[in-house]
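Letter by letter, the chains look like this.
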Amino acid sequence: AKPVPPTTLGVLARERLRAPGPDGHQALLDDKQLRDSRLTAPTADEARIFVGSWQAEIASLLEEAVTAARSGALQAAKATLHKLLGCAAMTGARRLRDFAHALHAAPAQLCRRETVDEALDLTRQSAAALLLRNAF
């Protein structure tokens, strides 16, 4: 089920990619490719870069959704909020995901400054929690 925690995904991928299948086919990746892949834990700098990019993506999607909602294009706002919801869910940012889900049901709320401020605040809190949760 989505979202899959990164540690679980890494473990499952390593098991599936390294072990030969029941029909004897070779593994998809060798040990060096696995070590070089993004399935390994990132460094502190890589984590900060990822979280910064994630925050920028969320802010960009939020701006796009607000612009659409304020112009009356509520379906376009909902489509953008769906992307934002996915970005939040991908990283386990549950409160931000739930907030995006609520906005998806009522995109006209994006016309309120308080709603946008709350979304930005949740994004900042989620980014800080991502860094702390992963001890980066």
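Our structure is the block above this text.
Cut-offs and rules
- Residues numbered from 1 in each chain as written.
- Predicted model: local features only at pLDDT ≥ 70, side-chain atom pairs only at ≥ 80, totals over all residues.
- Heavy atoms only, no water.
- Helix = DSSP H or I, 4+ residues; strand = E, 2+ residues; numbered from the N terminus.
- Buried < 20%, exposed > 50% of the residue type's maximum accessible area, 1.4 Å probe, protein only.
- Contact = heavy atoms within 4.5 Å.
- Areas by Shrake-Rupley, 256 points an atom, 1.4 Å probe, with all protein chains shown as cover.
- 1 Å grid on protein atoms, 1.4 Å probe; cavity = no way out; pocket = protein on both sides within 12 Å on 5 of 7 lines; lining within 4 Å.
- Points joined across faces, edges and corners; volume = space filled by probe spheres on them.
- Nonpolar A, V, L, I, M, F, W, Y, C, P; charged D, E, K, R; others polar.
- Core = buried A, V, L, I, M, F, W, Y, C linked by side-chain atoms within 4.5 Å.
- Salt bridge = Lys/Arg side-chain N within 4 Å of Asp/Glu carboxyl O.

## Overview of the overall build of the protein chain
So, step 1. The helix and strand inventory of the protein chain stands at 6 helices and 0 strands.
So, step 2. Sequence-ordered secondary structure for the protein chain, helices as α and strands as β, is α-α-α-α-α-α.
So, step 3. Expressed as a percentage of its 136 residues, the buried residues of the protein chain come to 29%.
So, step 4. Intrachain contacts of the protein chain at a sequence separation of at least 6 include 60% that bridge at least 24 residues.
So, step 5. Carbon and sulfur atoms make up 58% of the accessible area of the protein chain, which totals about 8800 Å².

## Quick look at empty space enclosed by the protein
So, step 1. Taken as a whole and judged by the stated rule, the model has 1 cavity of 30 Å³ or more.
So, step 2. The computed volume of the largest cavity comes to approximately 40 Å³.
So, step 3. Surrounding the largest cavity, Ile 58, Leu 62, Leu 81, Leu 84, Leu 96, Phe 99, Ala 100, Leu 103, Ala 119 and Thr 123 form its lining.
So, step 4. For the lining of the largest cavity, the secondary structure elements donating two or more residues are helix H3 (44-70), helix H4 (74-91), helix H5 (94-105) and helix H6 (113-133).
So, step 5. With 4 residues, H5 is the largest single contributor of residues to the lining of the largest cavity.
So, step 6. The residue makeup of the lining of the largest cavity, split by class, is 9 nonpolar, 1 polar and no charged.

## Details of the environment of Ala 108
So, step 1. Note on placement: Ala 108 falls in the loop between H5 and H6.
So, step 2. Placed 43 residues apart in sequence, Ala 108 and Ala 65 show a C-alpha to C-alpha distance of 9.9 Å.

## Here we look at the nonpolar core
So, step 1. By size, the foremost hydrophobic cluster in this structure holds 26 residues, and its most contacted members are Trp 54, Ile 58, Leu 62, Leu 84, Leu 96 and Leu 110.
So, step 2. At the level of elements, H3, H4, H5 and H6 are the ones that each hand at least two residues to this core.
So, step 3. At 9 residues, the largest contribution of residues to this core is made by H3.
So, step 4. The residues touching Leu 110, leaving out its near neighbours within four places in the chain, are Leu 62, Ala 65, Val 66, Ala 69, Arg 70, Leu 81, Leu 103, Thr 115 and Val 116.

## Re the pattern of salt bridges
So, step 1. Counting across every chain of the model gives 5 salt bridges.
So, step 2. Between Arg 112 and Glu 114 there is a salt bridge whose closest N-O contact spans 3.1 Å.
So, step 3. Looking at Arg 112, the relative accessible area reads 40%, which means it is partly exposed.
So, step 4. Judged by relative accessible area, Glu 114 falls into the partly exposed class, the value being 49%.
So, step 5. Asp 117 serves as the salt-bridge partner of Arg 113, at 3.0 Å between the closest nitrogen and oxygen. Linking Arg 113 with Asp 117, this pair stays in helix H6, spanning 4 residues, or about one helical turn.

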